[in-house]
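# Structural characterization, general
The lines below spell out each chain.
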Amino acid sequence: MRLTDYFLPVLKETPAEATIASHQFMLRAGMIKQDSAGIYIWLPLGLKVLRKIENIVREEQNRAGAIEMLMPTIQSAGHWKETGRYDAYGPEMLRITDRGDRELLYGPTNEDMITDMFRSYVKSYKDLPKCLYHIQWKFRDERRPRFGVMRGREFLMKDAYTFDVDKEAAVKSYNRQFIAYLNTYERLGLKAVPMRADTGPIGGDLSHEFLILADTGESEVFCHKDLVDMAAPGDVSDGDMQAVVDSRTSLYAATDEMHDADEFAKVPADKQLSARGIEVGHIFYFGEKYSEPMKASVQTADGKSANIHMGSYGVGVSRLVGGIIEASHDENGIIWPKAVAPFDVGIINLKSGDAEADAACETLYSQLKAAGLDPLYDDRDDRGGQKFARMDLIGLPYQIVIGPRGLKEGKYEVKDRKTGEKQSLTPEETLTFITAQF
Ligand code: 5CA
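Figured I'd write up the structure that's included with this text. (Residues numbered from 1 in each chain as written. Predicted model: local features only at pLDDT ≥ 70, side-chain atom pairs only at ≥ 80, totals over all residues. Heavy atoms only, no water.)

## Overview of the site of the ligand
Close to the ligand lie 22 residues; Thr109, Glu111, Arg140, Glu142 and Glu279 are nearest. Within the side chain of Glu111, a nitrogen or oxygen atom sits 2.6 Å from a nitrogen atom of the ligand. The cavity that encloses the ligand is the largest pocket. Every element with two or more residues in the shell around the ligand is listed here: β8 (154-164), β13 (272-287) and β16 (309-316). No other element matches the five residues that β13 contributes to the shell around the ligand. Broken down by class, the residue content of the shell around the ligand amounts to eight nonpolar, seven polar and seven charged. (Near = heavy atom within 4 Å. Polar contact = N/O pair within 3.5 Å; in protein donor to acceptor, adjacent residues only side chain to side chain. 1 Å grid on protein atoms, 1.4 Å probe; cavity = no way out; pocket = protein on both sides within 12 Å on 5 of 7 lines; lining within 4 Å. Sits in = over half its atoms within 2 Å of the grid points. Helix = DSSP H or I, 4+ residues; strand = E, 2+ residues; numbered from the N terminus. Nonpolar A, V, L, I, M, F, W, Y, C, P; charged D, E, K, R; others polar.)

As structure tokens, then:
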């Protein structure tokens, strides 16, 4: 993409309403624009990152055997009345009436709707287990929407739902999602720690939140230090799943609501970590909470009828955009992990309009595209300082600076955004180096 063709409304000043780095940088880098409290327009640069995160989440769900579908954002109140959640959910739910005075709502989550869908088709244990998911916008009329996309009112979530014949089978489904979450966050360049968590309005007694540690996190968390640096397990066979989950859950990790000071005191003092965290996922096993009132049951192998055992599994896709920035930035701007960067590499032309500089930039731009990369070419007629600041702000993993002085020696300057390390390379070396990074 050539910057002169793109839509990248970068701001020079930090908007006063933004108090944390991710919110400030997302506004300044032209990724989002607030339309009303907690509701954002995703500008082109922001949308690119959102889509990359969404795709990684999708790939890892598919790898774990979950099946994608899409439920509507607008739901009928009927499903929620059946489960008793219509009243229980309270003012966070946006309630709507249509022209025929029918009660609708903008979905804050989908347990009720999917249980209704599932019961209408599945009647036998032979059709279980199943795991269905969608990636869809949610609305929660949060009392205090804040920190930009981190606590929005409209936000994008991946929510998966599992259906099993009994608790034992349901725990396997839970473990499979638990492992998929560890793999997902690692691919996103994050260290997310699973912690015992409260279940709130979703319900159930087995639940984990996945949190990334950051000073600006909304939750206070307590955990064993070793959990933070454990590598993701990758593909795990069914027989090994419980052991992988146990290797995490046997180490102390809890959110504030579930914290037990006496238990935590048993962790060796040099391994105790109390920190703040951002909740980027939350998984629940709630058994028959919805299948019981909705009479979602199947015939079992011995000819009896049993309520389906269910769980639900959420990833905060839009929150992750902010979460990744909280985990990876410096005073100059964002530092994107390669997997989610909006462009792979930036080309800075230090003298746009100069025939030689333009030709060198154009050639490199075409070569990078031909190599399958997605470069952003800053071909604007701005001062060098402005170009450097903008490129640092938007945080692409590599920057290639081309100007008359370097060209005299046949050299480009290649900068690693994360380390700040600069190399002076020939055009050929530049292409070889950059393509080798992806
Ligand atoms: N039905 C369950 C799981 S599918 C559920 O709704 N769980 S949740 O309430 O914990 O939400 C799942 C994830 O969505 C959270 O872990 C968080 O990352 C994200 N999330 C929740 N509320 C917001 C919000 N107001 N803004 C941005 N992301 C949010």
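From this point, things continue past the structure.
## Points about the sheet that holds strand β5 (residues 94-97)
Read from one edge of the open sheet, three strands run β4-β6-β5, paired in antiparallel fashion. Strands at the two margins of the open sheet, each flanked by one partner only, are β4 (74-76) and β5. Averaged over all pairs of adjacent strands, the angle between strand axes in this sheet comes to 40°, irrespective of strand direction. Pairing between β5 and strand β6 (residues 103-106): four bridges, direction antiparallel. Residue Arg95 lies in a different strand from β6, and its bridge partner there is Leu105. (Pairing = 2+ DSSP bridges. Axes fitted to C-alpha atoms, helices over the stretch in contact; angles between N-to-C directions.)

## Focus on the layout of surface pockets
Computed from the structure, the largest pocket encloses a volume of approximately 910 Å³. Broken down by secondary-structure element, the contributors of at least two residues to the lining of the largest pocket are β8, β11 (219-224), β13 and β16. Examining the composition of the lining of the largest pocket, we find that seven residues originate from one element, β13, more than from any other. Split into classes, the residues belonging to the lining of the largest pocket amount to 14 nonpolar, 13 polar and 14 charged. (Points joined across faces, edges and corners; volume = space filled by probe spheres on them.)

## Some points on the sheet that holds strand β22 (residues 412-416)
Ordered by their spatial adjacency, five strands build an open sheet running β20-β19-β21-β22-β23, and the pairing between neighbours is mixed. A strand with exactly one partner marks an edge of an open sheet, and here the two such strands are β20 (375-378) and β23 (422-425). Recorded for the sheet is a direction-independent mean angle of 20° between the axes of neighbouring strands. Together, β19 (345-349), β20, β21 (398-402) and β22 form the strand contacts of helix α11 (residues 355-370), whose direction differs from that of β19 by roughly 170°. Contacts from helix α12 (residues 384-394) reach β19, β20, β21 and β22, with the element oriented near 175° to β19. (Contact = heavy atoms within 4.5 Å.)

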